[in-house]
Amino acid sequence: MPLGERSGDKSESRYCGVETDFNDDMPHVLHFNLYSGSFDFVVAPLMDPSYRPSLMQKDVLGSGVLPFAGSDLVLSPSQWSSHVVGKISSWIDLDSEDETLRIDSETTLKQEVAWASHLSLQACLLPAPKGTSCANYARCVNQILQGANNIQLWLRIPLVKPDVDSMDEKSVTLDDSWESWNSFRLLCEHHSQLSVALDILSTLPSTNSLGRWFGEPVRAAILNTDCFLTNSHGCPCLSKRHQRLISGFFNHSIQIIISGNSVHPKASMDANETSDINSQRHPLRPYLDYVGYLYQRMDPLPEQERFELGYRDFLQSPLQPLMDNLEAQTYETFEKDAVKYVQYQRAVSKALLDRVPDEEASAKIIVLMVVGAGRGPLVRASLQAAEETGRRLKVYAVEKNPNAVVTLHALVKLEGWEDIVTIVSSDMRHWNATEKADILVSELLGSFGDNELSPECLDGAQRFLKQDGISIPSSYTSFLQPVTASKLYNDVKAHKDLVHFETAYVVKLHNVARLSPSQPVFTFTHPKRSENESNQRYKKLSFEIPSDTGSAMIHGFAGYFDATLYKDVHLGIEPSTATPNMFSWFSIFFPLRAPICVGPGSTLEVHFWRCCGSTKVWYEWGVTSPSSSPIHNSNGRSYWVGL
Ligand SMILES: C[S@@+](CC[C@H](N)C(=O)[O-])C[C@H]1O[C@@H](n2cnc3c(N)ncnc32)[C@H](O)[C@@H]1O
């Protein structure tokens, strides 16, 4: 029974599992845990734990029967696939010095995963690597993954990282369990069917080090009953830090699995007294109830996030509104974002009040040009600003998309704006205006600010802005920060070509770890002081990875923008200053061809270039520390924006 319903959110984290011991009566295991216990699935050993291939050669293999729990017929196919995760024998040690144990382990691992695949289980839980070396374990898992059907392999990793201050550097590196995960997944080349099941312990590492895991492919969190505290009623509860962590898991579709023995016998007994006959005697039910309580107590997803759920971590090509003509449904999406237009209206109002003193309000007419007017929402916002401030306007709406111009004409007619608004069907870079503008209003911004070529377009429009004229926006700045984003990395890698690794993507970032605060990259100011000022840019950035984060993997860079529309009116998506409830822009993501591992407290040095040619603008990027990457997108060979 799912933990609860959160409106709009159908993520996997609604389902809670329980880790069980081996029992060769699988129907009983399922009945007891699902129907009496109300868990959604079991993580159950498939094979008798006393089995060792080398010992049982004669008895078992001689008869051709491995000691699996029941035959495939004891459960229906849908029961196997929906309610059972196979727990691979925990005794296996594929990197043991003991050759017999090592070979037994390899054989058993392969037999068990093969059986799990035969049953169409969704996933198998692999035991945590024992010791510091996991090369042979990873080699065997990698072999399995090469021939695997859809089965997911969850590598069990204890959530431990020692406190940096109390350890010397060597032991920090050895004992941080992220390191063993990282080593394992590098050996398996970031295989998309290899993910993590985190074992949660009673003490938790620092918040920064926990944050790393939200960019990794964590599918499950195993909560041992030892983690639980006892509340005043004798029932299990979790510390505030554990509660926050579990909420983070819920928000990232990570499933909870309860494990261990009941250490709250009183709570189990109380539950028995009040529950019906079927739910009697499941000793872990109070823990499930508590996890359900945490789930149900979460705030419902805001409407905007519900709308954006389907876009999470989904790579999209950025728009090219200059080279291409936008479609009606794209304009429709823009126009739904009331917050954006409210900010523009505020900016225009302030500019009008500054430009026209009260005593001239009825006589003076301000020439305002909306360049890139689309279907007219900025024309409307400007006219509303005029009405609100009691100022008079003459408006030019300049738009190069002939299809949008059709709608603009219809709008002007419908609203009766014919005397105030002149529509110009032209590219702003080529239009010969008959008079100059007091105010130039535009919204040509991409997720990275200048990436939809606002600078180049406004260079062309500046010709018809008065010497003392105002540009709204007056400036915009791009921002970058390094991220762990294993899902995005794998999605880019799946294309198996260079082009996709050298392309920037628009993406609603969710399964990412932001490893250091974002930093400003390129700024453009309008109007330009000098016409000769180039739009090429170069910036070197140095990001410090906090020492308590531990090591982390950088899969690329998240990019944002912030625009100053006029004076203190801004609009943007940089996380620390983002305009609330605005949904017109997702972030941008610049991938790295090969992920780069950074150590705790180390500096990541990255270089970004904005390059301009006669027909296109493009970015190049590369890392120089702690190690060098190739320069990405040299000469714009893979990704560029057409002029
Ligand atoms: C991001 S849309 C914004 C549309 C509208 N202002 C809004 O807020 O919904 C940018 C618009 O600018 C237009 N545009 C881009 N470059 C242009 C240019 N050089 N000259 C004229 N229009 C341009 C595009 O066709 C598109 O309609």
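Residues numbered from 1 in each chain as written. Predicted model: local features only at pLDDT ≥ 70, side-chain atom pairs only at ≥ 80, totals over all residues. Heavy atoms only, no water.

K.L.:
For the overall build of the protein, give the residues involved together with the corresponding values.
P.N.:
Looking only at helices and strands, the protein has 19 helices and 26 strands in total. With the C-alpha coordinates of the protein rotated into their principal frame, the extents come out at 100 × 55 × 50 Å. A fraction of 79% describes how many contacts in the protein between residues 6 or more apart in sequence connect residues 24 or more apart. Within the structure as shown, the protein displays about 27500 Å² of accessible surface, and the carbon and sulfur contribution to it stands at 51%. Of the side chains in the protein, 57 bear a positive and 75 a negative charge, and the two mean positions are spaced by 4 Å. (Helix = DSSP H or I, 4+ residues; strand = E, 2+ residues; numbered from the N terminus. Contact = heavy atoms within 4.5 Å. Areas by Shrake-Rupley, 256 points an atom, 1.4 Å probe, with all protein chains shown as cover. Lys, Arg positive; Asp, Glu negative; His and termini not counted. Charge placed at Lys NZ, Arg CZ, Asp CG, Glu CD.)

K.L.:
Summarise a positive patch on the surface; cite the residues concerned and give the values.
P.N.:
Together, Lys240, Arg241, Arg244 and Arg297 make up a region of like positive charge exposed at the surface. Mapped onto the secondary structure, Arg241 falls in helix H9 (residues 240-251). (Patch = residues over 30% accessible without salt bridge, like charges linked within 9 Å, V, L, I, M, F, W, Y side chains within 5 Å. Salt bridge = Lys/Arg side-chain N within 4 Å of Asp/Glu carboxyl O.)

K.L.:
Now, about the sheet that holds strand S1 (residues 16-19): what can you tell me, with residues and values included?
P.N.:
Spatial ordering of the closed barrel is given by S1-S2-S3-S4-S5-S6-S7-S10, a layout of eight strands whose pairing is parallel. Ignoring strand direction, the axes of neighbouring strands in this sheet form an average angle of 30 degrees. Pairing analysis gives five bridges linking strand S7 (residues 218-224) to strand S10 (residues 255-259), with the strands arranged parallel. Considered in S10, the bridge of Ala220 is made with Gln255. Most of the contacts of helix H5 (residues 135-146) go to strand S5 (residues 152-158), to which it runs at about 160 degrees, and overall it touches strand S4 (123-126), S5 and strand S6 (194-200). Together, S6, S7 and S10 form the strand contacts of H9, whose direction differs from that of S6 by roughly 160 degrees. (Pairing = 2+ DSSP bridges. Axes fitted to C-alpha atoms, helices over the stretch in contact; angles between N-to-C directions.)

K.L.:
Tell me about the environment of Leu445, and name the residues and values.
P.N.:
For Leu445, the position within the fold is in the loop between strand S14 (437-442) and helix H17 (454-461). Using a relative accessible area of 3% as the deciding quantity, one classes Leu445 as buried. A sequence separation of 427 residues divides Leu445 from Val18, and the C-alpha atoms of the two residues are 49 Å apart. Once you skip the residues sitting within four places of it in the chain, Leu445 turns out to touch Tyr344, Glu452, Tyr476, Phe561, Ala563 and Trp585. (Buried < 20%, exposed > 50% of the residue type's maximum accessible area, 1.4 Å probe, protein only.)

K.L.:
A description of the pattern of salt bridges should follow, citing residues and the corresponding values.
P.N.:
Inspection of every chain in the model, using the stated rule, returns 28 salt bridges. For Arg212, the salt bridge identified is with Asp176, shortest N-O distance 2.9 Å. Taken together, the residues Arg212 in the loop between helix H8 (207-211) and S7 and Asp176 in the loop between helix H6 (169-175) and helix H7 (177-187) connect sequence positions 36 residues apart. Taken as a pair, Arg212 and Asp176 share a single burial class, namely buried. Close ionic contact of Arg185 with Glu216 constitutes a salt bridge, the shortest N to O distance being 2.6 Å. With Arg185 in helix H7 and Glu216 in the loop between H8 and S7, the pair connects residues that are 31 residues apart, well separated along the chain. Each of Glu19, Lys87, Arg156 and Asp199 takes part in a single network of salt bridges with overlapping partners.

K.L.:
Please provide a residue-by-residue account of the site of the ligand, values included.
P.N.:
Inspection of the region around the ligand gives 21 residues, with Tyr331, Tyr341, Glu399, Asp427 and Met428 positioned closest. Contact distances for the ligand include 2.6 Å between an oxygen atom and a side-chain N or O atom of Glu399. Lys400 places a main-chain nitrogen or oxygen 3.3 Å from a nitrogen atom of the ligand. Protein coverage of the free-state accessible area of the ligand, which is 590 Å², stands at 99%. Per-class residue counts for the shell around the ligand are eleven nonpolar, four polar and six charged. (Near = heavy atom within 4 Å. Polar contact = N/O pair within 3.5 Å; in protein donor to acceptor, adjacent residues only side chain to side chain. Nonpolar A, V, L, I, M, F, W, Y, C, P; charged D, E, K, R; others polar.)

K.L.:
For the nonpolar core, give the residues involved together with the corresponding values.
P.N.:
Judged by nonpolar contacts, the single largest core of 106 residues is most densely connected at Ile472, Phe557 and Phe590. Of all the elements, strand S21 (residues 552-566) adds the most residues to this core, at nine residues. The residue makeup of this core includes at least three contributed by each of domain 2 (328-443) and domain 3 (475-642). Excluding residues that lie within four positions of it along the chain, Ile472 makes contacts with Tyr344, Ala347, Val348, Ala351, Ile439, Leu440, Val441, Ser442, Leu565 and Tyr566. (Core = buried A, V, L, I, M, F, W, Y, C linked by side-chain atoms within 4.5 Å. Domains from an automatic or database assignment.)

K.L.:
Report on helix H13 (residues 328-335), specifying residues and quantitative values.
P.N.:
The α-helix advances 3.6 residues per turn, and as a result positions three or four apart in sequence lie on the same side. By the burial criterion, the buried members of H13 are Thr330, Tyr331 and Phe334. Buried residues in H13, looked at end-on, bunch into an arc of 100 degrees, giving them a common side. Exposed side chains of H13 directed beyond 90 degrees from the buried face belong to Ala328 and Gln329. Packed against the buried residues of H13 are helix H14 (338-355), strand S12 (392-399) and helix H16 (402-415). (Arc of directions from axis to C-beta.)

K.L.:
Please provide a residue-by-residue account of unusual backbone geometry, values included.
P.N.:
Comment: phi is negative for the bulk of residues other than glycine, and the bulk of peptide bonds are trans. With an omega dihedral of -5 degrees, the bond running from His526 to Pro527 counts as a cis peptide bond. Note on placement: Pro527 falls in the loop between strand S19 (519-525) and strand S20 (537-544). Cis geometry is adopted by the peptide bond preceding Pro626, which originates at Ser625 and carries an omega value of 10 degrees. Relative to the assigned elements, Pro626 resides in the loop between strand S25 (616-625) and strand S26 (641-642). Unusually for a residue other than glycine, Lys567 sits at a positive phi of about 50 degrees. Residue position: Lys567 is located in the loop between S21 and strand S22 (569-572). For Lys567, a relative accessible area of 56% gives the class exposed. Here the phi dihedral of Asn581 falls at roughly 60 degrees; this positive angle occurs in a residue that is not glycine. Relative to the helices and strands, Asn581 is located in the loop between S22 and strand S23 (587-598).

K.L.:
Describe H14, listing the residues and the values that go with them.
P.N.:
With 18 residues, H14 ought to run about 26 Å at 1.5 Å a step, and its terminal C-alpha atoms sit 26 Å apart, in line with that. Turning to H14, its buried residues are Lys340, Tyr341, Gln343, Tyr344, Gln345, Ala347, Val348, Ser349, Ala351, Leu352 and Arg355. (Expected span 1.5 Å × (residues − 1).)

K.L.:
Give a detailed account of the state of the cysteines, specifying residues and quantitative values.
P.N.:
Using the criterion set out here, one finds zero disulfides in the structure. A disulfide-free cysteine, Cys235 has its sulfur positioned 8.7 Å from the sulfur of Cys237, the nearest such atom. Cysteine Cys457 remains unbridged, with the sulfur of Cys612 as its closest cysteine sulfur at 12 Å. (Disulfide = S-S within 2.5 Å.)

K.L.:
How would you summarise the domain arrangement of the protein if you had to cite specific residues and measurements?
P.N.:
By the assigned domains, the protein splits into domain 1 (12-301), domain 2 (328-443) and domain 3 (475-642). Summarising the inter-unit geometry, the C-alpha centres of domain 1 and domain 3 are found 36 Å apart. Interface area lost by domain 1 to domain 3 is led by His190, Arg212 and Gly215, which between them contribute 32%. Between domain 1 and domain 3 we count zero salt bridges in total. Applying the counting criterion to the domain 1 and domain 3 interface returns 13 residue pairs in polar contact (both at pLDDT 80 or more). Contributions of two or more residues to the side of domain 1 that touches domain 3 are made by H7 and H8. No other element matches the five residues that H7 contributes to the side of domain 1 that touches domain 3. Classifying every residue of the side of domain 1 that touches domain 3 by side-chain character gives five nonpolar, eleven polar and seven charged. (Buried area = accessible area lost by both parts, 1.4 Å probe.)

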